[in-house]
Amino acid sequence: MWIYEKKLQVPVNIRKPNPALARLIITQYGGPDGELGASLRYLSQRFNMVTPQAIATLNDVGT
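Reading guide: rules and limits
Residues numbered from 1 in each chain as written. Predicted model: local features only at pLDDT ≥ 70, side-chain atom pairs only at ≥ 80, totals over all residues. Heavy atoms only, no water. Helix = DSSP H or I, 4+ residues; strand = E, 2+ residues; numbered from the N terminus. Buried < 20%, exposed > 50% of the residue type's maximum accessible area, 1.4 Å probe, protein only. Areas by Shrake-Rupley, 256 points an atom, 1.4 Å probe, with all protein chains shown as cover. Lys, Arg positive; Asp, Glu negative; His and termini not counted. Charge placed at Lys NZ, Arg CZ, Asp CG, Glu CD. Axes fitted to C-alpha atoms, helices over the stretch in contact; angles between N-to-C directions. Parallel < 35°, antiparallel > 145°, perpendicular 65-115°, else oblique. Left-handed = near helix turned anticlockwise from the far one by under 90°. Contact = heavy atoms within 4.5 Å.

### Side note on the overall build of the chain
Okay, so step 1: Helix and strand counts for the chain stand at three helices and zero strands.
Okay, so step 2: Taken from the N to the C terminus, the helices and strands of the chain come in the order α-α-α.
Okay, so step 3: Seen through its C-alpha atoms, the chain measures out along the principal axes to roughly 50 × 40 × 15 Å.
Okay, so step 4: By residue count, 10% of the 63 residues in the chain fall in the buried class.
Okay, so step 5: Here the chain has roughly 6300 Å² of accessible surface; of this, 61% comes from carbon and sulfur atoms.
Okay, so step 6: On the chain, the mean spot of the 7 positive side-chain charges and the mean spot of the 4 negative ones are 11 Å from each other.

### Points about the packing of helix α2 (residues 35-45) against helix α3 (residues 52-62)
Okay, so step 1: At their nearest, the axes of α2 and α3 sit 8 Å apart, and the two run at 160° to each other. By the angle between their directions, the pair α2 and α3 is classed as roughly antiparallel. Pair α2 / α3 crosses with left-handed handedness. When α2 is examined against α3, the residues Ser 39, Tyr 42, Leu 43 and Gln 45 are found in contact with a partner set consisting of Leu 58, Asn 59, Val 61 and Gly 62.

Written out as structure tokens, the structure reads:
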């Protein structure tokens, strides 16, 4: 059996929390027009492509 130890690659020390900046960052990643939504749209559109070049391009852009 293995033990899962959750730790960051680089240690992070937050000196002064900034909720307004955190809200802005999270909307850019997870909002309807954010990076995650765009990435998932690219990855789902690749299944409708006909040519292997189009599939590869959408796969690269999505990832």
